[in-house]
Amino acid sequence: MHRFFSLLLLSCILFSCDIRNTKTKNDVKITDPHQPFKDSTTVQIIDSVYNFGKVTDGEKVEYNYRFINSGTRPLSISDARASCGCTVPEKPEAPIPPGQTGFLKVVFNSKGRLGDVHKDITVTSNAYPVFPILRLTGEVIPQPK
């Protein structure tokens, strides 16, 4: 009897995990990052990596990543997050009209971050394909004694 229930449970698991994609183009959900949705647009990244070189411990680095709305609908950035609390992105509040250049400001606080720096900024928007990861790199050196 125990084997019967084990086989039944295994069968349910196997047949309930049908991972085939049966959605049609009209059924695409907005939450699927790999599929375009109704109000999507495209984006052309001008700056995806910024190397600030060497800075002294405690200095703040500011940079504006540039991008162009290369689509036909307004580009809305709903969120921008950094891989670390020492890096603070500031997204544009207003949508970027088609053909216009937008800026995403990032401020990196080097205090206590000695050595090589590699920070990623993840942008959530209505762009398809999705906004690429933005990178901030450089080196923080100790203050002179």
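Trainee: How would you sum up the overall build of the protein? Please name residues and give values.
Mentor: From N to C terminus, the protein includes one helix and eight strands. Its helices and strands taken in sequence order, the protein reads α-β-β-β-β-β-β-β-β from the N to the C terminus. Evaluated residue by residue, the protein yields a buried proportion of 30% over its 145 residues. Restricting the contact set of the protein to residue pairs at least 6 apart, pairs at least 24 apart contribute 68%. Roughly 10,000 Å² of accessible area belongs to the protein as shown, and the carbon and sulfur atoms make up 55% of that amount.

Trainee: Go over the environment of proline 132, please, and point to the residues and values.
Mentor: Relative to the helices and strands, proline 132 resides in the loop between strand E7 (115–125) and strand E8 (134–141). Placed 87 residues apart in sequence, proline 132 and isoleucine 45 show a C-alpha to C-alpha distance of 8.1 Å. Not counting residues within four places of it along the chain, the set of residues in contact with proline 132 comprises Ile45 and Ile121.

Trainee: Tell me about the pattern of salt bridges, residues and numbers included.
Mentor: Applying the stated rule across the entire model yields five salt bridges. Arginine 81 serves as the salt-bridge partner of aspartate 79, at 2.5 Å between the closest nitrogen and oxygen. Accessibility expressed as a relative area gives 23% for aspartate 79, which makes it partly exposed. A salt bridge links aspartate 120 to arginine 135; its shortest N-O distance comes to 2.6 Å.

Trainee: Could you give an account of the nonpolar core, naming the residues involved and the relevant values?
Mentor: In terms of nonpolar packing, the biggest core is built from 24 residues, with Phe67, Leu104, Phe108, Ile121 and Phe131 touching the most fellow members. Residue contributions to this core peak at four residues, all from strand E3 (residues 60–69). With residues near it in sequence (within four places) discarded, phenylalanine 108 still touches Phe52, Glu59, Lys60, Val61, Cys86, Thr87, Arg113, Val117, Lys119, Leu136 and Val140.

Trainee: Explain unusual backbone geometry to me, using residue names and the numbers behind them.
Mentor: Residue proline 129 is reached from tyrosine 128 by a cis peptide bond, and omega for that bond is 0°. Counting through the fold element by element, proline 129 comes out in the loop between E7 and E8.

Trainee: Residues and numbers for the sheet that holds E7, please.
Mentor: What the four strands build is an open sheet, ordered E2-E8-E7-E4; its pairing is mixed. The open sheet has two edge strands with one neighbour each: strand E2 (49–56) and strand E4 (77–82). Adjacent strand axes in the sheet meet at a mean angle of 20°, parallel and antiparallel pairs treated alike. Where E7 and E8 come together, seven bridges link them in antiparallel fashion. By the bridge assignment for E8, lysine 119 is matched with leucine 136.

Trainee: An account of the confidence of the model for the protein is needed here, citing residue identities and associated values.
Mentor: Per-residue confidence for the protein averages 82 on the pLDDT scale, and 74% of its residues sit at or above 70. Within the protein, the lowest mean pLDDT, 42, falls on helix H1 (residues 2–16), and the highest, 98, falls on E8. A low-confidence stretch, residues 4–31 stays under pLDDT 50, and its non-local contacts, those more than four residues away or across chains, total four contacts.

Cut-offs applied
- Residues numbered from 1 in each chain as written.
- Predicted model: local features only at pLDDT ≥ 70, side-chain atom pairs only at ≥ 80, totals over all residues.
- Heavy atoms only, no water.
- Helix = DSSP H or I, 4+ residues; strand = E, 2+ residues; numbered from the N terminus.
- Buried < 20%, exposed > 50% of the residue type's maximum accessible area, 1.4 Å probe, protein only.
- Contact = heavy atoms within 4.5 Å.
- Areas by Shrake-Rupley, 256 points an atom, 1.4 Å probe, with all protein chains shown as cover.
- Salt bridge = Lys/Arg side-chain N within 4 Å of Asp/Glu carboxyl O.
- Core = buried A, V, L, I, M, F, W, Y, C linked by side-chain atoms within 4.5 Å.
- Pairing = 2+ DSSP bridges.
- Axes fitted to C-alpha atoms, helices over the stretch in contact; angles between N-to-C directions.
- pLDDT = per-residue confidence, 0-100.

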